[in-house]
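# Tertiary structure, described
Here's the letter readout for the chains.
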Amino acid sequence: MNLLAPVRRDRILAELPQCLRKEASLHTHKDFHPRVTCACQEHRTGTVGFKISKVIVVGDLSVGKTCLINRFCKDTFDKNYKATIGVDFEMERFEVLGVPFSLQLWDTAGQERFKCIASTYYRGAQAIIIVFNLNDVTSLEHTKQWLADALKENDPSSVLLFLVGSKKDLSTPAQYALMEKDALKVAKEIKAEFWAVSSLTGENVREFFFRVAALNFEANVLAELEKSGARRIGDVVQTFHPFAGINSDDSNLYLTASKKKPTCCH
Ligand SMILES: Nc1nc2c(ncn2[C@@H]2O[C@H](COP(=O)(O)OP(=O)(O)OP(=O)(O)O)[C@@H](O)[C@H]2O)c(=O)[nH]1
Ligand SMILES: [Mg+2]
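Residues numbered from 1 in each chain as written. Chains lettered and ligands numbered in written order. Predicted model: local features only at pLDDT ≥ 70, side-chain atom pairs only at ≥ 80, totals over all residues. Heavy atoms only, no water.

## Digging into the coordination of the magnesium ion (ligand 2)
The magnesium ion (ligand 2) binds to the protein through Thr66 (OG1) and Thr84 (OG1); the donor distances cover 2.0 Å. Placement of threonine 66 in helix H2 (residues 65-74) and of threonine 84 in the loop between H2 and strand E3 (87-96) is noted, with a sequence separation of 18 residues between them. By relative accessible area, threonine 66 is classed as partly exposed at 26%. Judged by its relative accessible area of 14%, threonine 84 is buried. (Donors = N, O, S within 2.8 Å, 3.2 Å for Na, K, Ca; no water. Helix = DSSP H or I, 4+ residues; strand = E, 2+ residues; numbered from the N terminus. Buried < 20%, exposed > 50% of the residue type's maximum accessible area, 1.4 Å probe, protein only.)

See below:
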């Protein structure tokens, strides 16, 4: 794994990828937050470009967590089941609105006997992906417990949640429709965004991970702006006195290299 490798051309995001179902998304805005777009245009994203965002993938054994990650990261699919022992991780580099952004995807074991090893890696996640098998209602029922365990190690107010139904290729449209109804209910309850994917065919896999990367990136930039008092920059811009009254630490971080005046923050 080379952190300095150039970002692949097919990992470049210029727009916010859309959700799968509006009914099960907490983020229904069509575009990136205007402050985020503005900050990226003006190179005021602070440390976000150097950050690696931790994403953990949890769920019952054999629901397809490893296959999902492998489909996205390596474009491969293995029909033979090899249980994950403890944890494994993959790094994926993106470029979002011109800013480099990396996801560290932690693939955890679903088997009970490896769970205690895996759970020691839950801490510090910025996003939690809970996977269930669209053809196995029990695995959907277990998602709440997986989430509860993952949240014990994380701050529920700042973590992004995704509920992902796997193996879509194995359901008939009628079976899928039934399962989707139940899944949407659970997604609403746990405040997660719902996706349905197939690692065998690749359906929705890329779209899903792009969405994870984009929403994570957006949350990171907003947090960074918030942290460094960028709000005040916005206030000042509206009165056409850019940067007046801002202490030197803030302005050092948020002034662009070219010291351009902000033009689009509101
Ligand atoms: N048809 C089909 N089979 C899948 C799909 N995803 C995974 N599988 C199969 O399901 C089995 C389990 O997949 P894994 O990805 O290893 O499951 P896991 O969730 O990582 O399992 P643990 O590591 O034990 O927690 C394998 O035989 C895969 O080939 C899919 O989208 N469609
Ligand atoms: Mg696995």
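## Some thoughts on the packing of aromatic side chains
For the structure shown, the criterion picks out 11 aromatic pairs. Relative to phenylalanine 94, the ring of phenylalanine 72 has its centre 6.1 Å away and its plane inclined at 15°; by these criteria the two rings are stacked. Of this pair, phenylalanine 72 sits in helix H2 while phenylalanine 94 sits in strand E3, and the two are 22 residues apart along the sequence. Using a relative accessible area of 5% as the deciding quantity, one classes phenylalanine 72 as buried. The interplanar angle of 55° and the centroid separation of 5.7 Å between the aromatic rings of tryptophan 195 and phenylalanine 208 together place this pair among those described as tilted. Here phenylalanine 208 lies in helix H7 (residues 205-227) and tryptophan 195 lies in strand E7 (residues 193-196), a separation of 13 residues in the sequence. What makes tryptophan 195 buried here is its relative accessible area of 2%. (Phe/Tyr/Trp six-rings, centres within 6.5 Å; stacked < 30°, edge-to-face > 60°.)

## Side note on the sheet that holds strand E6 (residues 160-166)
Spatial strand order, E1-E3-E4-E2-E5-E6-E7: seven strands in an open sheet with mixed pairing. Sheet topology places strand E1 (12-13) and E7 at the edges, where each strand pairs with a single neighbour. Relative to E6, strand E5 (residues 127-133) runs parallel, the two being bridged by seven bridges. Directly across from isoleucine 129, in E6, lies its bridge partner phenylalanine 162. Across the face of the sheet, H7 comes into contact with E1, strand E2 (52-59), E3, strand E4 (99-108), E5, E6 and E7 while running at roughly 120° to E4. (Pairing = 2+ DSSP bridges. Contact = heavy atoms within 4.5 Å. Axes fitted to C-alpha atoms, helices over the stretch in contact; angles between N-to-C directions.)

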